[in-house]
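Chains, contacts and geometry: an overview
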Amino acid sequence: MNGMILDLVHFSVHDGPGIRSVLYLKGCPLRCIWCHSPESQFRQQELMFEHRLCRRCGSCDNLYKLLPVNGLNEEIKLKQSRCPTGALRIAGKLCSAEMIIAEVKKDMIFFRESGGGLTISGGEALCQPDFTLELLKLAAKEKINCCIETCGFGQYDVLKRFLPLTEIFLFDFKAADPELHRRLTGVDNRLILENLRRLASENTRIHLRCPLIPGVNDQKEHLLAVAALAEELSAVEEVHIEPYNPMGIGRYRQLGLRCEALPPAPPSEIQLEEYFKIIRQNTGKPVIQP
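Now for a quick tour of the structure. (Residues numbered from 1 in each chain as written. Predicted model: local features only at pLDDT ≥ 70, side-chain atom pairs only at ≥ 80, totals over all residues. Heavy atoms only, no water.)

Attention now goes to the overall build of the protein. A tally of regular secondary structure across the protein gives 10 helices and 11 strands. The C-alpha radius of gyration computed for the protein amounts to 20 Å, which stays within 12% of the reference 19 Å derived for 290 residues, consistent with globular compactness. Across its three principal directions, the C-alpha atoms of the protein cover 60 × 45 × 35 Å. Per-residue burial for the protein yields a buried fraction of 52% across its 290 residues. (Helix = DSSP H or I, 4+ residues; strand = E, 2+ residues; numbered from the N terminus. Rg over C-alpha atoms; globule rule 2.2 N^0.38 Å. Buried < 20%, exposed > 50% of the residue type's maximum accessible area, 1.4 Å probe, protein only.)

Encoded structure:
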């Protein structure tokens, strides 16, 4: 079974317990205005162009002028491959589940020593459910534990299929107010919260991951809602604060897309400390700093 992936990263220590391999899938149902990986949003392959690397040599027949280009054909792929500097690249490649697990197995010694494993991230695992399930099954055969990072927007019946093979769900919580959530991500949070509560009732383990963007979703009301949700759901073991990362701004340019007006820098230390203080004062669950 093949899936469309962005990357497989080794030796991560921020995406679940221990040392982990992290698989980034392509395709996501949300359009978060702060997304730092816009190339992960669409399922199909996409062309990206980094102008700083380009020598204007003409090897690609000035293909970069066609951006944005989706649904890449073989001619475009051939022209891209001629680029001598890597200024043109294709985001997304088809890989079989067997190929992924074979690569992940190379890190088994680190998993055993640290309690790590494979984390399936995105994009969004719910956008490629059959491929994700196949990865989980193959990993289980190799005794590799798995975490799934999810935005929670999808059919619960699909999410439930992952349950027996998933150690921890890293569940994103982006905004407490449904209308604000819609403005920030393109969908409201009602289905997401419903899925979170149903998942929490299934005797599973959940780490609540909360991206915080200065002036966008860092209101006190949202921070209090994060703490209240952690207190409400016994399955939530930890709250993880994920500070905004501005690295995605350049990737929008590489895709030939416009980017929302976002802060040019992550939250300051003072802002972060205020986030932690509000949440910690209102929940007994551990609040993890980045």
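Grouped together as the largest cluster of nonpolar side chains are 57 residues, with contacts concentrated most on Leu23, Phe162, Ile206 and Ile241. The biggest single contributor to this core is helix α4 (residues 129–141), with 6 residues. If sequence neighbours within four positions are ignored, Leu23 has contacts with Ile5, Asp7, Leu8, Ile100, Leu118, Thr119, Ile120, Ser121, Gly122, Phe131 and Leu135. Core analysis: the next-biggest nonpolar cluster, separate from the first, contains 16 residues, Cys28, Cys151, Val216 and Tyr252 among them. (Core = buried A, V, L, I, M, F, W, Y, C linked by side-chain atoms within 4.5 Å. Contact = heavy atoms within 4.5 Å.)

The next point concerns the pattern of salt bridges. Opposite charge on two side chains allows them to pair when their charged atoms are near. Considering all chains together, one arrives at 21 salt bridges under this definition. Residue Glu103 pairs with Lys106 through a salt bridge whose shortest N-O separation is 2.9 Å. Glu103 sits in the partly exposed class, given a relative accessible area of 27%. Here Asp172 and Lys174 are joined by a salt bridge, their closest N and O atoms 3.5 Å apart. On the basis of relative accessibility, which here comes to 9%, the residue Lys174 falls in the buried class. A single salt-bridge network, built from bridges that share partners, covers Asp15, Glu149, Arg209 and Glu242. (Salt bridge = Lys/Arg side-chain N within 4 Å of Asp/Glu carboxyl O.)

What follows is about the pairing of strand β3 (residues 46–49). In β3, alternate side chains face the same way, and those of Glu46 and Met48 on one face and Leu47 and Phe49 on the other are all buried. One ladder, built from 4 bridges, connects β3 with strand β4 (residues 88–91); its direction is antiparallel. Looking across to β4, one finds that Met48 is bridged to Arg89. (Pairing = 2+ DSSP bridges.)

Looking now at the side chain of Asp172. Summarising the element assignment, Asp172 is placed in strand β8 (residues 168–172). With relative accessibility at 11%, the residue Asp172 sits in the buried group. Within the structure, the side chain of Asp172 is placed 3.5 Å from the side chain of Lys174, a separation counted as a polar contact. The residues touching Asp172, leaving out its near neighbours within four places in the chain, are Glu149, Thr150, Cys151, Ile192 and Arg209. (Polar contact = N/O pair within 3.5 Å; in protein donor to acceptor, adjacent residues only side chain to side chain.)

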